[in-house]
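The residues making up each chain are set out below.
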Amino acid sequence: MSMSAGAGKGKERQDGGSDDEDIAGPYIMRPLAIGLQLGPEEALAKGNTSAKARRPSLSQRLGFGSGKEPAKGPEEGESKDASPAGDTPDANDNDCDSVRSSSPMAISVKAECVEVAGSDMYVGTSHGHIVHYTVAMVELDAGRSGTMPEHFRVSSVDLKLGGKRVEQVLAFPVLNRLVVLCGSTAQVLSLPDLRPVPGTMMKGVSCLSYDERLQRSAAAAVILCVARVRSIQLYRMAGAELRLELEVPITCSVASLCQYGQYLCVADTEAYKILDLAKLRTASSAEGARLELFPTQQPRTDPDSGRVIRPPRPRTLVVGPNEFMFLTSSASDDDATTLGVIVTALGEAQRGTLQFASYPKSVVYAAPFIIVTFAGSVDVYDTRQPEQTLAQRLFVDVPDAGRPRRVCAAAGFLAGTRLAQLDRESEPSMSRALSAVVRASIVAVSQDSVYVLADEPPLLSVSRMLRAGRIEEAVAAVDAALASGDVSQGSAEARYCVLMAGVQYFARLLLDDALQLFRRGSLDPRALLHVYADYAAYLGPLLEPLERLPMPATLHAAIRDLGSVARLVGSSAADMAGNDCDQEALAEALSANALEVLERYLEHVRLSEEFDVARTAVDTALARLYADNDHIEKFTSLIGSRDSHVDNDVAIEFCRNTQRHYYESLVHRARGEPRKVLDIWRRLLSGEWEDARFGGMPEYMAYVETLTEQQGILLAEYAWLVDIDVAASLRVLVGLTDASVATLDADRAMAAIQSQKIEGGDRAQRALIERLIGASHPRASHYLTYLLNVYVRQVRDCYSGDEERHRRLLALEERFRCAQAEDLRLTFRAWIAKAAAEDKSDALESQSAIRLRAQLIAMLSARPIAYDAAAVLDCVEREAPTVLHLERAMLMAALGNISDAGEFLVTACQDYAEAELLLMRPYAPESLVQLANVTGARRARAPHQTKEEEAEDVHHLLGLYMAHVDDEMAARLVADILHRYSECLCDSGGDVLVSIPEHWPYAIAEPLVSRQLARLAHRERSSGIERGLRQSLALAEQLRAIDEHRDAGPIVLDYSQACAKCHKLLGSSAFVLVPESREIRHVSCG
């Protein structure tokens, strides 16, 4: 069985075509259920082929029919009700089997009407049954695939109304109600069990309808409009309740009616009318509530045969808000031209009139189309067009009995399409999904089959355009569908269409257009990588085979048909190259563009984080792309990011095979393998390998300096660098810890520095030895002498060599002289240390002139001495004899030449405070004497000098001042010395006074003279004072003894008592008692 569609009034197809390309209208007709078994279950089980004779229909009994005389029956006179607002009975309804089959088991039961709500289908039969089926979603592309939707019979219910045919079925899914019109009886059944709802059966019903303002699929309450013998009744059905709300009396039987809001369009045996229900509810305005439009056709008698010819049954239907359409014919037979007149609720014809070649067998409205059935076809008319001409004609290539003979408006169901199935077995749910889904509400009914009329999904037409190669038109159609909301942005069908268009663009090497569509459709990046054969081979097992990627089979095939980029580039370059065009250069440019597109798309995928399962392949491919295109910054950022999924082993192997040594080192660096990184970089620095991308020594050093936590690596790099680049090795030395420095081979490093004879070699030695000393290296003391010699040479270079440097030295000495003039006790050591601390200059020479010399002096002053003073003194006398005077004196003192050092401090250094410390205070902690070894007379003295020794030192110092210092400064110095050391010169002050020049002011010698005079006066007074003191001491002793024996008891004397010492009488003389002997003596004899 096949279906086809055509356009144009009167055009009819007989070829049975079914390709999608034949669709040229708004609808697709596909089978919903074919070959329905509609007979009673008992008859189906027994294979009974007989059927009970059916009574004539009401339309025949009321005078509406197919132009033939009605059959006479015993019930003919029972009712004059018009038949329901259904369809014209088929000419073969009375005596033809419903299924045209040669099978003896065929049962003559036909489908009269169908209702579909979701996946439930209810079929009203010609023998008074309701058969319930469940149906699968219709696949609108089933015409191509040949698949049919499945349906299952659930139950069958006999309405028990005399076997009359079911005229109409209306489902209200939310209310779980099914309204059925069978014969002249209307009844409400419950869903899904199809049980009659008590109190809802209505007899004498000719037709029924409902308020079409509401969608039946979602209505929670509905107004039923029921035409009975003498009245039209409006019921409100909500929940389990069915309540009569309005009853309108009528005078003629109603054959068709429809309702929209407050208006009711009625076709009775006399005319078409519009009733205003709002006015009919009010008795005062009931007169203007009925509007008669047009008379209905009446039966006529054939003058030749005398037979009564009944007209077709009148039809009314809602075609919009407060708009109705009715059919009228120019003759009383079915073959006469028929007009479809559309009017408003006020009876005004504002839209055009439809013209049909014959009277339709059935008619429904689905905005904005009128759908009618004729013999063998279903025609669709567009009411938006002024001419309202035929828009589409649908055919079914089946025998006459299977052709649609009626269309019904259903409650609503879904129809979908699948442009291409996913062929991956592990994704069965995706392969069965219908992603392009439309809602349908029109079904066409034949004797034993049901067909669906659904809108063509926009993407189905897009698929047809793509198959025809109309890429731009297809992309525009997709955009229009997305903009209108007919297709959701993320639907699988939209992605499929976009990707198919992108693949076709890619095949034509329209790469920018293809890239945009790949981004929109989210193409699996692994599929694109398969097109780049080199990259597919490079990724190897990281890239899943194309056939295993979850995507539509047709998309698989399209990508597979692309072949490789190399083939596309070669063929395109050959086609594009002209006589004067270099085909090779053109191919190279196209290849570069293709690689750029791959890079941009993979970067897009990486940012979108959509294909997590492909991240390893994407990142690893990007790593090679960046390496191929020399995007070093991107490469470094990729492999170093926290969310990087690069397979480092694959990337390293590629870089090694292609001799991209620098990129290989970057991968090792990202993996945290500094030894491998530095091994590669050392080979590049030594010239063993070549790679222009490497940044050379600056990049090498910048990386090495970050490895402070890996001291073993730093030690190895220092050992390597010291032989080739001393300056760089010193930078590494800074990063070594004391523990690491203590393990260095200092002799080898020093030998390497000395052998290179480079500019600034002293600075390198200095840096090395300073670190050795700071780290307490076992060889530190051995190299301290080298370090001091380096300092000597560096300080010399700062103060000598040209006139400018000499002026710097003079300026330094002048600054000290000025400070010394203000404070005679200021030493050069203290002054230069303070000046170095206050020096904020960044200039190298300034640092050498002040800070460097202060550091040299501090090292020479350090105790205990760990350097060879004689060797350093030899270096000073050889390298800087006229510059480093203080340093020279310090070394003399360290060697024990105290006298020579003091004289040198006064004569050459003019550091008088330092000379005083050396000569006058040798045991002070800051004295240079402390530098000397424990040998010599000076060091053998006691910690405190005697007056004689101190006087000797003062005489020596005064002699130096007066012999070698200018007169003015010597006078100040001598005055200061005499003021502070006058006491020790008391015994030899005369000698000092004699040596003072006569022209010096008396104030200089005044302290010494005053001290001498005070000493002479003191000698005269001290003898008398001494005698008095001695007598006082004796008396005090006696008084002490008396106090000790004051409580010895009373002493009794008489005039005969004599002194125990002089034996003279005591008389009245004063006496004392000797405690020890108890003798009594004169006080004077004590």
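Residues numbered from 1 in each chain as written. Predicted model: local features only at pLDDT ≥ 70, side-chain atom pairs only at ≥ 80, totals over all residues. Heavy atoms only, no water.

Definition in use: UniProt positions are given in the numbering used here, feature names are shortened, and annotations may be inferred rather than shown by experiment.
As recorded by an unreviewed UniProt entry, the protein carries the name CNH domain-containing protein and is attributed to Coemansia pectinata. Reading the Subcellular location (unreviewed entry) entry of the UniProt record for the protein gives the comment "Cytoplasm".

Digging into the overall build of the protein
Applicable threshold: Under the DSSP-based scheme used, a helix requires at least four consecutive residues in state H or I and a strand at least two consecutive residues in state E, with every element numbered from the N terminus. The classification of residues rests on relative accessible area computed with a 1.4 Å probe and restricted to protein chains. Under 20% of the type maximum is buried, over 50% is exposed, and intermediate values are partly exposed. Throughout, a residue-residue contact means that at least one pair of heavy atoms, one from each residue, lies within 4.5 Å. Every accessible area reported is derived by Shrake-Rupley at a probe size of 1.4 Å, with residue values counting cover from the shown protein chains alone.
Helix and strand counts for the protein come out as 38 helices and 34 strands. Put simply, the protein has 1086 residues, and 50% of those count as buried. Restricting to contacts in the protein with at least 6 residues of sequence separation, those with at least 24 account for 57%. Only carbon and sulfur atoms are counted for the fraction: they give 50% of the accessible area of the protein, which is about 50800 Å².

A short note on the nonpolar core
If you look at soluble globular proteins, the nonpolar side chains tend to sit buried side by side. Defined as follows: By convention a nonpolar core is built from buried Ala, Val, Leu, Ile, Met, Phe, Trp, Tyr and Cys residues, the set being connected through side-chain atoms within 4.5 Å.
Judged by nonpolar contacts, the single largest core of 190 residues is most densely connected at Phe506 and Trp681. Counting residues in hydrophobic clusters, the runner-up holds 45 residues, among them Val123, Val138, Ala411 and Val443.

Looking at the layout of surface pockets
One way to see where empty space is left: roll a probe the size of a water molecule over the atoms. What counts is decided by this rule: Using only the protein atoms, space was sampled on a 1 Å grid; points where a 1.4 Å probe fits but cannot get out form cavities, open sets with protein on both sides within 12 Å along at least five of seven lines form pockets, and lining residues are those with an atom within 4 Å of a point. Grid points are joined across faces, edges and corners, and a volume is the space filled by probe spheres set on the points.
The space that makes up the largest pocket amounts to roughly 1200 Å³. Around the largest pocket, the lining comprises 48 residues; the ones closest to its centre are Tyr210, Glu212, Val364, Tyr365 and Ala409. Looking at the lining of the largest pocket, the element that brings in the most residues is strand 30 (residues 406–417), giving 6 residues.

Some words on the pattern of salt bridges
Here the idea is simple: oppositely charged side chains can pair when their charged atoms come close. Put simply, the test is: Take a side-chain nitrogen of Lys or Arg and a carboxyl oxygen of Asp or Glu: if they are within 4 Å of each other, that pair is a salt bridge.
All chains considered together, the criterion is met by 52 salt bridges. Linking Asp512 and Arg600 is a salt bridge whose minimum nitrogen-to-oxygen distance equals 3.4 Å. One end of the pair, Asp512, is in helix 9 (residues 511–521); the other, Arg600, is in helix 14 (residues 583–608), and 88 residues separate them in sequence. With a relative accessible area of 29%, Arg600 lands in the partly exposed category. As a salt-bridge pair, Arg682 and Asp679 come within 4.0 Å of each other at their nearest N and O atoms. With Arg682 and Asp679 both in helix 19 (residues 674–686), this residue pair falls 3 residues apart, about one helical turn. Under the relative-accessibility criterion, Arg682 is labelled partly exposed at 22%.

Quick notes on helix 12 (residues 553–562)
Which entries qualify depends on this criterion: Directions drawn from the helix axis to the C-beta atoms are what define this arc.
Inspection of helix 12 places Leu555, His556, Ala558, Ile559 and Leu562 among the buried residues, and these make up the whole buried set. With its buried residues spanning 165° around the axis, helix 12 presents them on a single face. Buried residues along helix 12 sit against helix 8 (492–507), helix 10 (525–531) and helix 13 (565–576). Of the residues trailing helix 12, Gly563 is marked for its positive phi of about 75°.

Notes on the sheet that holds strand 24 (residues 338–344)
Keep this limit in mind: Criterion used throughout: strands pair if DSSP finds at least two bridges between them. Note on geometry: axes are lines fitted to C-alpha atoms, helical ones only across the stretch in contact, with angles between N-to-C directions running from 0 to 180 degrees.
Strand order across the open sheet formed by 4 strands is 22-23-24-25, with antiparallel pairing between neighbours. Whereas interior strands pair on both sides, the edge strands pair on one side only; in this sheet they are strand 22 (316–320) and strand 25 (354–356). The sheet shows a mean angle of 30° between the axes of neighbouring strands, taken without regard to direction. By the bridge criterion, 7 bridges tie strand 23 (residues 323–329) to strand 24 in an arrangement that is antiparallel. Bridging across to strand 24, Phe324 finds its partner in Val343.

What about the sheet that holds strand 17 (residues 263–268)?
With respect to topology, 4 strands assemble into an open sheet ordered 16-17-18-19, the strand pairing being antiparallel. Either end of the sheet is taken by a strand with one partner, and the two such strands are strand 16 (254–260) and strand 19 (290–295). Shown here is a sheet whose adjacent strand axes are inclined to one another by a mean of 20°, direction ignored. Sheet analysis places strand 16 next to strand 17, joined by 6 bridges and oriented antiparallel. Along strand 17, the bridge assignment pairs Gln259 with Leu264.

A short note on the pairing of strand 27 (residues 369–374)
For strand 27, the buried fraction is high: 6 of the 6 residues fall into the buried class. Going residue by residue along strand 27, you find Phe369, Ile371 and Thr373 tucked away on one face and Ile370, Val372 and Phe374 tucked away on the opposite face as well. As paired strands, strand 26 (residues 362–366) and strand 27 are joined by 5 bridges and run antiparallel to one another. Within the sheet, the bridge partner assigned to Ala366 lies in strand 27 and is Phe369. Counted between consecutive antiparallel strands, the loop separating strand 26 from strand 27 contains 2 residues. Where strand 27 meets strand 28 (residues 377–382), 6 bridges bridge the pair, whose relative direction is antiparallel. Directly across from Thr373, in strand 28, lies its bridge partner Val378. If you look at the hairpin formed by strand 27 and strand 28, you'll find 2 residues sitting between the two strands, and Gly376 has a positive phi there, around 85°.

A look at the environment of Val131
Within the element layout of this structure, Val131 appears in strand 5 (residues 129–135). For the pair Val131 and Met121, spaced 10 residues apart in sequence, the C-alpha separation works out to 8.1 Å. Leaving out residues up to four positions away in the same chain, Val131 has contacts with Leu38, Met121, Tyr122, Val123, Thr125, Arg153, Ser155 and Ser156.

Points about the packing of helix 21 (residues 711–721) against helix 22 (residues 726–735)
Heads up, the condition is: For this classification, under 35 degrees means roughly parallel, over 145 means roughly antiparallel, 65 to 115 means roughly perpendicular, and everything else is oblique. What makes a crossing left-handed is the near helix being turned counterclockwise from the far one by less than a right angle; a clockwise turn instead makes it right-handed. Ten residues, namely Ala, Val, Leu, Ile, Met, Phe, Trp, Tyr, Cys and Pro, are considered nonpolar, four, namely Asp, Glu, Lys and Arg, are considered charged, and the remaining ones, Gly among them, are considered polar.
Their axes nearest at 9 Å, the elements helix 21 and helix 22 cross at an angle of 160°. When the axis of helix 21 is compared with that of helix 22, the two are roughly antiparallel. The interaxial crossing formed by helix 21 with helix 22 has left-handed handedness. On the side of helix 21, the interface is formed by Gln711, Leu714, Tyr718 and Leu721, while helix 22 contributes Val726, Ala728, Ser729, Val732, Leu733 and Gly735. Per-class residue counts for the contact of helix 21 with helix 22 are 7 nonpolar, 3 polar and no charged.

As for the confidence of the model for the protein
Put simply, the test is: The pLDDT value tells you how sure the predictor is about a given residue, anywhere from 0 up to 100.
For the protein, the mean per-residue pLDDT works out to 80, and 80% of the residues sit at or above 70. Ignoring residues within four places in sequence, the model shows residues 91–106, a span with pLDDT below 50, making 30 contacts including any to other chains. Low pLDDT, under 50, characterises residues 420–433; the predicted model gives this stretch 23 contacts beyond four residues in sequence or across chains.

Structural notes on the side chain of Asp448
How we decide: We score Asp and Glu as negative and Lys and Arg as positive, and we do not count His or the chain ends. Side-chain atoms alone can form a polar contact between residues adjacent in sequence; in general such a contact is a pair of N or O atoms within 3.5 Å, and within protein one must be able to donate a hydrogen while the other accepts it.
Residue placement: Asp448 occurs in the loop between strand 31 (436–445) and strand 32 (450–455). Although Asp448 is buried, it forms no salt bridge, and the closest oppositely charged side chain is Arg405 at an N-O distance of 8.5 Å. Among the polar contacts listed, one links the side chain of Asp448 to the side chain of Ser449, at a separation of 3.1 Å.

Digging into unusual backbone geometry
Omega for the peptide link from Ala367 to Pro368 comes to 0°, which places this bond in the cis form. Following the sequence through the fold, Pro368 ends up in the loop between strand 26 and strand 27. The omega torsion across Arg863 and Pro864 is 0°, close enough to zero to call that bond cis. Checked against the element boundaries, Pro864 lands in the loop between helix 29 (844–861) and helix 30 (869–879). One non-glycine residue, His1063, lies in the positive phi region at around 65°. Relative accessible area serves as the criterion here: at 62%, His1063 is assigned to the exposed category.

Things to note about the packing of helix 19 against helix 20 (residues 696–704)
With their axes 11 Å apart at the nearest point, helix 19 and helix 20 run at an angle of 160° to one another. Classified by the angle between their axes, helix 19 and helix 20 sit roughly antiparallel to one another. Considering only the axes of helix 19 and helix 20, their crossing is left-handed. Between helix 19 and helix 20, the residues in contact are Pro674, Val677, Leu678, Trp681, Arg682 and Leu685 and Gly696, Met697, Glu699, Tyr700, Tyr703 and Val704, respectively. Split into classes, the residues belonging to the contact of helix 19 with helix 20 amount to 9 nonpolar, 1 polar and 2 charged.

What about the packing of aromatic side chains?
Here is the rule: Here a pair means two rings of Phe, Tyr or Trp (six-membered ring of Trp) with centres within 6.5 Å. Their orientation is stacked below 30 degrees between planes, edge-to-face above 60, and tilted elsewhere. Geometrically, a charge over a ring is one whose NZ (Lys) or CZ (Arg) sits within 6 Å of the ring centre while staying within 35 degrees of the ring normal.
Counted by the stated rule, this structure contains 23 aromatic pairs. Judged by centre distance (6.4 Å) and plane angle (85°), the rings of Tyr532 and Tyr535 are edge-to-face. Take Tyr535: its relative accessible area is 3%, and that puts it in the buried class. Three or more aromatic residues joined by ring pairs make a cluster, and in this case those are Phe506, Phe518, Tyr532, Tyr535, Tyr538, Tyr601 and Phe654. One cation-aromatic arrangement involves Arg624 over Tyr538; the distance from NZ or CZ to the ring centre is 5.3 Å.

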